[in-house]
Amino acid sequence: MNDILLAFDGPQAAEWKSALRSAAGNRAVHAWPDDPDDLSDLDRYAYACVWLPPRGLLPRLRNLKAILNLGAGVDRLLADPSLPDVPIARVAHGDLTMRVTEYVVLHVLMHHRRQRLYDAQQRAKTWAVHDQPAANEVSVGVMGLGVIGRSAAEALARLGFKVAGWSRTPKSIPGIACCHGAEALDAFLARAEILVCLLPQTPETEGLLNLSLLRKLKRDGAAGGAYLVNAARGRIQSNTGILAALDEGALAGATLDVFPQEPLPPDNPLWSHPKVTITPHNAGDVSPHVFAPLVIEQIERFERGVPLDNPIDRSHGY
Ligand code: NAP
Ligand code: GLV
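Cut-off values and rules
- Residues numbered from 1 in each chain as written.
- Chains lettered and ligands numbered in written order.
- Predicted model: local features only at pLDDT ≥ 70, side-chain atom pairs only at ≥ 80, totals over all residues.
- Heavy atoms only, no water.
- Domains from an automatic or database assignment.
- Contact = heavy atoms within 4.5 Å.
- Buried area = accessible area lost by both parts, 1.4 Å probe.
- Salt bridge = Lys/Arg side-chain N within 4 Å of Asp/Glu carboxyl O.
- Polar contact = N/O pair within 3.5 Å; in protein donor to acceptor, adjacent residues only side chain to side chain.
- Nonpolar A, V, L, I, M, F, W, Y, C, P; charged D, E, K, R; others polar.
- Near = heavy atom within 4 Å.
- Areas by Shrake-Rupley, 256 points an atom, 1.4 Å probe, with all protein chains shown as cover.
- Core = buried A, V, L, I, M, F, W, Y, C linked by side-chain atoms within 4.5 Å.
- Buried < 20%, exposed > 50% of the residue type's maximum accessible area, 1.4 Å probe, protein only.
- Helix = DSSP H or I, 4+ residues; strand = E, 2+ residues; numbered from the N terminus.

Annotation of the protein at the domain level lists domain 1 (3-92 + 286-303) and domain 2 (95-278). Taken together, the contact between domain 1 and domain 2 spans 11 residues of the former and seven residues of the latter. With both sides pooled, the region where domain 1 packs onto domain 2 buries about 690 Å², and carbon together with sulfur makes up 62% of that total. In this structure, the connection of domain 1 to domain 2 is made through one salt bridge. One salt bridge connects arginine 233 with aspartate 75, and the closest N-O pair in it is separated by 2.9 Å. For the interface between domain 1 and domain 2, the tally reads one residue pair in polar contact (both at pLDDT 80 or more). In terms of residue class, the side of domain 1 that touches domain 2 is built from seven nonpolar, two polar and two charged.

The next point concerns the site of ligand 2. Around ligand 2 lies a shell formed by Trp51, Gly71, Ala72, Gly73, Arg233 and His281. At 2.7 Å from an oxygen atom of ligand 2 is found a main-chain nitrogen or oxygen belonging to alanine 72. Separating an oxygen atom of ligand 2 from a backbone N or O atom of glycine 73 is a distance of 2.7 Å. Taking 190 Å² as the accessible area of ligand 2 by itself, protein coverage stands at 84%.

Time to look at the nonpolar core. Grouped together as the largest cluster of nonpolar side chains are 53 residues, with contacts concentrated most on Trp16, Leu20, Cys49, Val108, Leu156, Leu198 and Val295. Broken down by element, the residue count for this core peaks at six residues, all from helix 3 (residues 94-112). When residues of this core are assigned to domains, at least three fall in each of domain 1 (3-92 + 286-303) and domain 2 (95-278). Core analysis: the next-biggest nonpolar cluster, separate from the first, contains 32 residues, Trp166, Leu189, Ala254 and Leu256 among them.

Spelled out as structure tokens, the structure:
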């Protein structure tokens with residue numbers, strides 16, 4: 001059987017079910033845990049389309065051929081030690097890439113144009129103009145030059161920012177000063193006034209955005225301080241490190257879309273810090289009806305013997 005089991009944990013579960021069903025034609029799409037009739041029925045599923053599936057579910061699908069992750073990050077999926085040994089791919093779609101790119105551009109510009117300051121002035125009915133550097137005087141560093149990081153770096157470069165990017169392996173992207181590997185990190189940080197994180201969460205990146213790293217950012221550039229935009233994963237950042245960096249001046253501001261614990265608990269001091277902008281992990285919200293046809297296309301190509309796009313390398317964790 002070549003049926004699809006959808007296991008989606010989140011508010012868009014019903015929308016995903018309807019979107020995959022309309023894209024799948026005659027192929028059955030059932031949603032866990034509502035649709036499968038009994039446990040033996042699980043043998044009919046060849047494909048699992050998942051977002052945060054319950055631990056232990058996937059090894060029960062004995063005829064599973066592939067897992068398609070309905071988002072970019074696979075950190076929670078790979079954390080399941082019982083994950084079956086079948087190909088895993090994440091579905092990368094221009095819609096997701098552009099939404100996160102929009103988010104990054106919005107928040108880099110917000111810090112660059114001092115919008116938090118003008119918001120405060122508006123509340124106080126204060127009319128005051130502050131010095132404004134041009135984008136081409138300001139250096140932005142993008143951590144992660146994958147599908148999304150590259151798109152964001154290129155969009156920022158088009159706006160005129162001096163953009164550098166850091167990745168695990170070498171890259172060559174016109175207009176972006178690319179560097180890679182642990183040995184290049186300090187020099188990359190030393191030129192970055194606005195640091196954008198678009199890394200996956202892996203054992204190498206967990207906790208990377210800590211106080212000691214944030215202290216290495218360039219504070220004396222045209223931007224008038226160092227800023228952080230994390231639209232990647234919460235466990236890459238240390239909340240206490242960010243708070244300490246803000247309070248001692250290593251950071252002048254931060255935009256955080258993701259947190260080690262989500263939702264961010266109401267008593268967390270980040271909520272009310274005057275230099276912090278918080279969003280509820282919505283940088284990359286996507287429309288299932290846009291995404292679903294691509295998921296089905298991937299499955300159909302896989303059945304014709306074409307390898308999955310954007311395969312996950314378990315040894316690297318992304
Ligand atoms: P991707 O295509 O897999 O790219 C990951 C990038 O990170 C690659 O450039 C990779 O280097 C680099 N990288 C990985 N480990 C590294 C390390 N140890 N040191 C330096 N660079 C490292 O991923 P993507 O599609 O761009 O997405 C990136 C992440 O954004 C996702 O994993 C997800 O967690 C997050 N995300 C968040 C949202 C949201 O709503 N907030 C939405 C979408 C995605 P190489 O190029 O050398 O492999
Ligand atoms: C969202 O966080 C994603 O990884 O797609």
